[in-house]
Amino acid sequence: MNALLIYPEFPETFWSFKHALKFLGKRAAQPPLGLMTVAALLPRAWKKRLVDTNVETLRDRDLAWADVVMLSGMHIQSESLLAIVERCRARGLRTVVGGPISSSVPAAELKANHVVIGEAESLIADLARDLERGTARPVYQAAERPEMAVSPLPDLSLIKMKRYSTMTVQYSRGCPFNCEFCDIIEIYGRRPRTKAVAQVLAELEQLRAAGWREAVFIVDDNFIGNKARAKELLRALVEWRTQVRAGFDFITEASLNLADDPELMQLMRDAGFKSVFLGIETPDEQGLVSSNKLQNTRRSLLESVARIQGYGIEVMGGFILGFDTDKEDIFDRMVEFIQKSGIPIAMVGLLQAMPGTQLFRRLHSEGRIVDAGGGNNTFCDRLNFLPSMDATKLVDGYREVMKRIYNCEAYYERVKLYLNRAHPKPARRAAGERAQKQPRQTEPWMTRDNLRALVNSIVRQGVFGRHQWSYWKFLAEAATRYRRCFGAAMTLAVMGYHFQVMTQKLSKAIDAATKSAQPRKTMLPETSAHIL
Ligand code: B12
Ligand code: SF4
């Protein structure tokens with residue numbers, strides 16, 4: 001069999017990082033790890049090719065080569081995915097769709113010959129056999145969530161590595177918490193399943209052998225879902241980094257209780273973790289309680305963030321507006337919190353009721369669901385449910401929050417606050433005191449890619465940008481006050497550009513949506529029953 005694996009295109013969103021990636025000469029942030037894993041699970045005798053439409057064009061001759069097309073994707077990729085399925089159908093080509101989208105969109109709506117719900121490890125052998133025999137069923141649903149020990153080394157040979165800014169490795173799936181709006185726990189479960197240390201090291205070795213030296217994203221739902229196992233891996237990573245002298249920087253996602261464990265934070269720092277994405281959601285305690293985000297309650301969120309930053313780890317934050325508990329002061333409180341947090345990359349989104357979640361079920365039973373949503377909560381101009389606050393006020397308030405936090409001055413203030421915490425100036429020595437030998441914290445930043453990004457940044461932001469004065473002021477400070485962490489400062493300046501461009505686009509999208517707004521009806525219970 002000739003299997004063509006296709007990854008559909010993402011729309012332009014805050015998460016696409018499109019406007020920052022241009023500076024680096026990259027086409028996408030990360031490769032499709034799901035399809036690379038599926039490819040490794042398919043029979044050896046099959047021939048495989050992968051086309052990621054985010055970095056290359058899907059040509060008719062690719063389709064002509066294939067016996068079967070296998071697609072993966074998130075809910076947000078549905079437009080592109082459906083267009084590809086349609087293109088295949090027109091040629092009479094068999095299609096299989098899997099990935100998170102199949103847990104959010106009813107199988108019939110995906111229009112594929114076969115839909116796979118769940119993780120491939122436990123069902124791919126049956127699917128491959130049935131495809132070979134021509135007896136494949138319309139829907140395959142994994143009966144159980146597989147242990148990670150059976151997850152293979154992803155097939156790295158299928159991707160064009162240089163077109164991505166970051167490579168990915170998955171250590172665990174699932175998260176022990178129970179946030180009402182979360183679909184992670186519905187798709188991947190609440191018991192964190194981890195790979196063995198040797199499996200992770202083998203994946204890193206594979207990347208190293210292929211010449212990768214840039215950042216690696218550990219794409220876990222919650223890297224510290226099982227703290228004891230995470231520490232075991234981190235100790236091994238510290239040792240491995242020393243042995244191979246590999247300059248991988250790591251990025252990951254974790255829960256805020258990371259701040260409660262100094263040993264864990266120290267190990268992450270030692271293992272080369274440079275940033276972590278945390279779901280903070282809201283500065284309003286009532287909102288956290290009502291959405292069951294209890295791990296973020298009964299603490300100072302600001303202090304927790306600062307503690308993590310103190311270990312030299314940048315915090316990226318996820319924030320949500322639109323909880324039933326939100327009052328009209330939530331917008332000011334959100335801006336104030338984000339400014340004080342020193343979180344440069346703040347992903348603020350409108351609450352979205354993702355199909356299959358506890359939130360979706362509750363709102364549905366209250367007759368408040370409007371539609372299944374588009375799978376994107378950070379670049380959206382409307383809600384998929386009836387909120388308790390007036391919907392127009394909520395969307396306008398969201399737009400204002402984005403404009404205020406991505407205003408150039410406000411953004412650079414946060415970057416500086418973070419840099420001060422993560423890279424404090426060495427204390428001045430008293431007269432006569434001898435210098436202590438400190439471990440080297442700064443990595444060589446001036447690689448070819450980074451130099452190119454710096455030049456692009458100076459041209460686009462400093463020469464043609466709309467906020468030249470703020471940019472030059474920041475650049476001057478980065479080169480003087482923050483020269484020991486100049487690389488981190490300039491990387492964040494480039495990221496800021498993406499957020500400024502996207503905020504302007506968001507504002508226009510909201511204007512257009514407000515003008516064409518129609519009265520909205522809620523879904524009838526029977527129309528949504530299949531995705532509850
Ligand atoms: C890394 C990551 C990203 C990366 C992009 C990665 C990429 N290139 O695709 C970044 C950070 C950019 C990102 C962004 C977003 N993401 Co994201 N992301 C992830 C994360 C953490 C890991 C993805 C991964 O590599 N997994 C590892 C692989 C091995 O797992 P997998 O893809 O699920 O594949 C397995 C199965 O699904 C199945 N399978 C997959 N494909 C196929 C195909 C076939 C044919 C078969 C048989 C089986 C099969 O088998 C595989 C092996 O078991 C997941 C969470 C997760 N646990 O997966 C969220 C996740 C995929 N993201 C999600 C979301 C919502 C987003 C955003 C829309 C967020 C937002 N609020 O706007 C954005 C959109 C991106 C954009 N450009 O606009 C959701 C998707 C929910 C859904 N139902 O669609 C997830 C599940 C997390 C969540 N609930 O929040 N994301
Ligand atoms: S901590 Fe994050 S991954 Fe875990 S249940 Fe809550 S939202 Fe989901």
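Quick caveat, the model's predicted, so the values are computed rather than measured. (Residues numbered from 1 in each chain as written. Chains lettered and ligands numbered in written order. Predicted model: local features only at pLDDT ≥ 70, side-chain atom pairs only at ≥ 80, totals over all residues. Heavy atoms only, no water.)

## Considerations on the packing of helix H14 (residues 330-341) against helix H16 (residues 391-405)
For the record, the criterion: Every angle, taken between N-to-C directions, lies between 0 and 180 degrees, and every axis is a line fitted to C-alpha atoms, over only the stretch in contact when it is a helix. Under the DSSP-based scheme used, a helix requires at least four consecutive residues in state H or I and a strand at least two consecutive residues in state E, with every element numbered from the N terminus. The scheme is simple: roughly parallel for angles under 35 degrees, roughly antiparallel for over 145, roughly perpendicular for 65 to 115, oblique for anything else. For a crossing to be left-handed, the near helix must be turned anticlockwise from the far one by less than a right angle; the clockwise case is right-handed. Throughout, a residue-residue contact means that at least one pair of heavy atoms, one from each residue, lies within 4.5 Å. Amino acids outside the nonpolar list (Ala, Val, Leu, Ile, Met, Phe, Trp, Tyr, Cys, Pro) and the charged list (Asp, Glu, Lys, Arg) are all regarded as polar, and Gly is one of them.
Direction vectors running N to C along H14 and H16 enclose 25°, while the axes themselves pass 9 Å from each other. Considered as vectors, H14 and H16 are oriented roughly parallel to each other. Considering how the two elements wind past one another, H14 and H16 form a crossing that is right-handed. Of the residues in H16, those touching H14 at Phe331, Asp332, Met334, Val335, Ile338 and Gln339 are Lys393, Leu394, Gly397, Tyr398, Val401, Arg404 and Ile405. In terms of residue class, the contact of H14 with H16 is built from eight nonpolar, two polar and three charged.

## Quick word on unusual backbone geometry
Inclusion rule: Exposure categories follow from relative accessible area, calculated using a 1.4 Å probe and restricted to protein chains: below 20% of the type maximum is buried, above 50% is exposed, and the middle band is partly exposed.
We note that Lys111 has phi near 60°; this positive angle belongs to a residue other than glycine. On the secondary structure map, Lys111 appears in the loop between helix H6 (107-110) and strand S5 (114-117). Judged by its relative accessible area of 45%, Lys111 falls in the partly exposed class. In this model, Arg298 sits at a positive phi of 50°, which is unusual for a non-glycine residue.

## Side note on the sheet that holds strand S7 (residues 167-169)
Quick note on the threshold: Two strands form a pair only when DSSP identifies at least two bridges running between them.
Strand order in the open sheet made by the six strands is S7-S10-S11-S12-S13-S14, with parallel pairing throughout. The outermost strands of the open sheet, each flanked by one partner alone, are S7 and strand S14 (346-350). Neighbouring strand axes in the sheet, compared pairwise and without regard to direction, differ in orientation by 20° on average. Bridging between S7 and strand S10 (residues 216-218) involves three bridges; their strand directions are parallel. Note that in S10 the partner of Val169 across the bridge is Ile218. Along the sheet, H16 contacts strand S13 (314-321) and S14; its crossing angle with S14, the most-contacted strand, is approximately 170°.

## What to know about the confidence of the model for the protein chain
In low-pLDDT regions, the fine details of the predicted coordinates are not to be read closely. What counts is decided by this rule: A score from 0 to 100, pLDDT tells how confident the predictor is in each residue.
Mean pLDDT for the protein chain: 92, with 93% of residues reaching 70 or above. pLDDT under 50 marks residues 435-442. Its contacts with residues more than four places away, or in other chains, come to three contacts.

## Looking at the side chain of Arg193
Note the cut-off: Whenever two N or O atoms come within 3.5 Å, that pair is a polar contact, provided that in protein one can donate a hydrogen and the other can accept it, and provided that, for residues adjacent in sequence, both atoms are side-chain atoms.
Of note, Arg193 is situated in strand S9 (residues 193-194). By relative accessible area, Arg193 is classed as buried at 2%. A distance of 2.9 Å separates a polar atom in the side chain of Arg193 from a polar atom in the side chain of Glu119. Apart from residues no more than four positions distant in its own chain, Arg193 is found in contact with Glu119, Arg145, Pro146, Glu147, Met148, Tyr171, Ser172, Arg173 and Tyr188.

## Quick notes on the sheet that holds strand S4 (residues 94-97)
Judged by pairing direction, the sheet is parallel, and its six strands sit side by side in the order S2-S1-S3-S4-S5-S6 without closing on themselves. A strand with exactly one partner marks an edge of an open sheet, and here the two such strands are strand S2 (47-52) and strand S6 (139-141). Looking at each pair of strands side by side, their axes are set apart by 20° on average, direction ignored. For strand S1 (residues 2-7) and strand S3 (residues 68-71), the ladder comprises four bridges, and the chain directions are parallel. In the strand pairing of S3, Leu4 is matched with Val69. Most of the contacts of helix H2 (residues 33-41) go to S1, to which it runs at about 165°, and overall it touches S1, S2 and S3.

## Observations concerning the pairing of S14
Side-chain positions along a regular strand alternate between the two faces of the sheet. Using the following cut-off: Viewed with both strands pointing away, a crossover whose connecting path from the first strand over the helix to the second turns clockwise is right-handed.
Judged by how many residues are buried, S14 sits mostly within the fold: five of five residues are covered. Residues Ala346, Val348 and Leu350 line one face of S14 and the alternating positions Met347 and Gly349 line the opposite face, and both faces are buried. Here S13 runs beside S14; their pairing, made up of five bridges, is parallel. Within the sheet, the bridge partner assigned to Phe319 lies in S14 and is Val348. In this fold, S13 hands off to H14, which returns the chain to S14; that crossover is right-handed.

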